[in-house]
Amino acid sequence: AQSVTQLDSQVPVFEEAPVELRCNYSSSVSVYLFWYVQYPNQGLQLLLKYLSGSTLVKGINGFEAEFNKSQTSFHLRKPSVHISDTAEYFCAVSTNNNDMRFGAGTRLTVKP
Amino acid sequence: EAGVAQSPRYKIIEKRQSVAFWCNPISGHATLYWYQQILGQGPKLLIQFQNNGVVDDSQLPKDRFSAERLKGVDSTLKIQPAKLEDSAVYLCASSSINDPRGETQYFGPGTRLLVL
């Protein structure tokens, strides 16, 4: 079965700084990749997804991610973060069997 | 468009008691998922329904967990009897088409369960 590793459990950054949240996956078959965000006491919300085509995917709130098949990565980036981006971010992978697997999450804390 | 509804939002029970959670997906969504999210971990899929049929329940602890979606709309997840390690947030999600590969899942706010 496929799996996801989020390399950083916590990422602290200052407001207006760039940020990258790292995600690596493992699968023997073709994958679909997702990033979800979870604000405190709320459900998960989709940021962006890669299904096929262009490897650079743009999502909501100024986030983007790049699918790198050779490195089996799907890192999330934002050029300038805001206080309101403070949240938990989850990378997820699914296959044609529709069996989604989530990473353990990265807590992004944006400081003023 | 109304989102995925879940109730209750919070539940505290003692071990060996029973508990049930309810989920109402987005109208028209054929696929419904239940996830367990233990503190500090990502969500883990427990069961997936397509309409009223089970697609995947490979990670559901069937000795104590059960779920149903009798009319293909809302769903209940039950734990009987509960153990301390069942303390978690139980998330319900739904997606819109009958072949949801790669389809966006919409999540409810979750039910936070504490087993004492």
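None of the values given here were measured: they were computed from a predicted structure. (Residues numbered from 1 in each chain as written. Chains lettered and ligands numbered in written order. Predicted model: local features only at pLDDT ≥ 70, side-chain atom pairs only at ≥ 80, totals over all residues. Heavy atoms only, no water.)

1. Digging into the overall build of chain B
- From N to C terminus, chain B includes 0 helices and 11 strands.
- Of the regular secondary structure in chain B, the N- to C-terminal order runs β-β-β-β-β-β-β-β-β-β-β.
- What you see for chain B is a C-alpha radius of gyration of 13 Å, in line with the 13 Å of a compact globule of 116 residues.
- By principal-axis analysis of the C-alpha atoms, chain B measures approximately 40 × 25 × 25 Å.
- Accessible surface for chain B amounts to roughly 5,600 Å². Of this, 49% is attributable to carbon and sulfur atoms. (Helix = DSSP H or I, 4+ residues; strand = E, 2+ residues; numbered from the N terminus. Rg over C-alpha atoms; globule rule 2.2 N^0.38 Å. Areas by Shrake-Rupley, 256 points an atom, 1.4 Å probe, with all protein chains shown as cover.)

2. Topic: the interface of chain A and chain B
- Contacts between chain A and chain B engage 22 residues on the former and 24 residues on the latter.
- A combined buried area of about 1,700 Å² lies between chain A and chain B, and 47% of that area is made up of carbon and sulfur atoms.
- Counting every contact that joins chain A to chain B gives 0 salt bridges.
- Summed over the shared surface of chain A and chain B, the number is 3 residue pairs in polar contact (both at pLDDT 80 or more).
- For the side of chain A that touches chain B, the secondary structure elements donating two or more residues are strand S5 (32-38), strand S6 (44-50), strand S10 (87-94) and strand S11 (101-102) of chain A.
- By residue number, the principal contributor to the side of chain A that touches chain B is S5 of chain A, which donates 4 residues.
- Grouping the amino acids of the side of chain A that touches chain B by side-chain chemistry returns 10 nonpolar, 9 polar and 3 charged. (Contact = heavy atoms within 4.5 Å. Buried area = accessible area lost by both parts, 1.4 Å probe. Salt bridge = Lys/Arg side-chain N within 4 Å of Asp/Glu carboxyl O. Polar contact = N/O pair within 3.5 Å; in protein donor to acceptor, adjacent residues only side chain to side chain. Nonpolar A, V, L, I, M, F, W, Y, C, P; charged D, E, K, R; others polar.)

3. What to know about the environment of Ile 60 of chain A
Residue and element names in this part refer to chain A.
- When you line up the elements, Ile 60 lands in the loop between strand S7 (56-58) and strand S8 (64-68).
- For the pair Ile 60 and Leu 47, spaced 13 residues apart in sequence, the C-alpha separation works out to 5.5 Å.
- In contact with Ile 60, other than residues within four places in its own chain, are Gln 45, Leu 46 and Leu 47.

4. Regarding the nonpolar core
- The biggest cluster of nonpolar side chains holds 28 residues, and the ones touching the most others in it are Leu 33, Trp 35, Leu 47, Leu 48, Phe 74, Leu 76 and Tyr 89 of chain A.
- Residue contributions to this core peak at 4 residues, all from S10 of chain A.
- Counting residues in each nonpolar core, the second largest holds 21 residues, with Cys 23, Leu 32, Ile 47 and Tyr 90 of chain B among its members. (Core = buried A, V, L, I, M, F, W, Y, C linked by side-chain atoms within 4.5 Å. Buried < 20%, exposed > 50% of the residue type's maximum accessible area, 1.4 Å probe, protein only.)

5. What about a nonpolar patch on the surface?
- Together, Ile 12, Leu 114 and Leu 116 of chain B line one region of the surface with nonpolar side chains, adding up to about 300 Å² of accessible area.
- Secondary-structure assignment places Leu 114 of chain B in strand S11 (residues 111-115). (Patch = residues over 30% accessible without salt bridge, like charges linked within 9 Å, V, L, I, M, F, W, Y side chains within 5 Å.)

6. Some details on the sheet that holds strand S7 (residues 65-68) of chain B
Residue and element names in this part refer to chain B.
- Here we have 4 strands laid out as an open sheet, ordered S1-S3-S8-S7, and antiparallel in their pairing. Two strands close off the open sheet at either side, each with one partner strand: strand S1 (5-7) and S7. Each neighbouring strand pair of the sheet contributes to a mean axis angle of 15°, computed without reference to strand direction.
- Note: S1 against strand S3 (residues 19-24), 3 bridges, orientation antiparallel. (Pairing = 2+ DSSP bridges. Axes fitted to C-alpha atoms, helices over the stretch in contact; angles between N-to-C directions.)

7. Considering the state of the cysteines
- What the rule picks out here adds up to 2 disulfides over all chains.
- In this model, Cys 23 of chain A is linked to Cys 91 of chain A through a disulfide, with the two sulfur atoms separated by 2.0 Å. Between Cys 23 of chain A and Cys 91 of chain A the sulfur-sulfur dihedral comes to about -65°; the bridge is accordingly left-handed. Placement of Cys 23 of chain A in strand S4 (residues 23-26) and of Cys 91 of chain A in strand S10 is noted, with a sequence separation of 68 residues between them. For the pair Cys 23 of chain A and Cys 91 of chain A, one class covers both residues: buried.
- Disulfide partner of Cys 23 of chain B: Cys 92 of chain B, at an S-S distance of 1.9 Å. Across the S-S bond linking Cys 23 of chain B and Cys 92 of chain B, the dihedral sits near -70°, which makes this disulfide left-handed. Pair noted here: Cys 23 of chain B is in strand S3 and Cys 92 of chain B is in strand S9 (residues 88-95), with a separation of 69 residues, a long-range link. (Disulfide = S-S within 2.5 Å.)

All we've got here are geometric facts, nothing functional implied.
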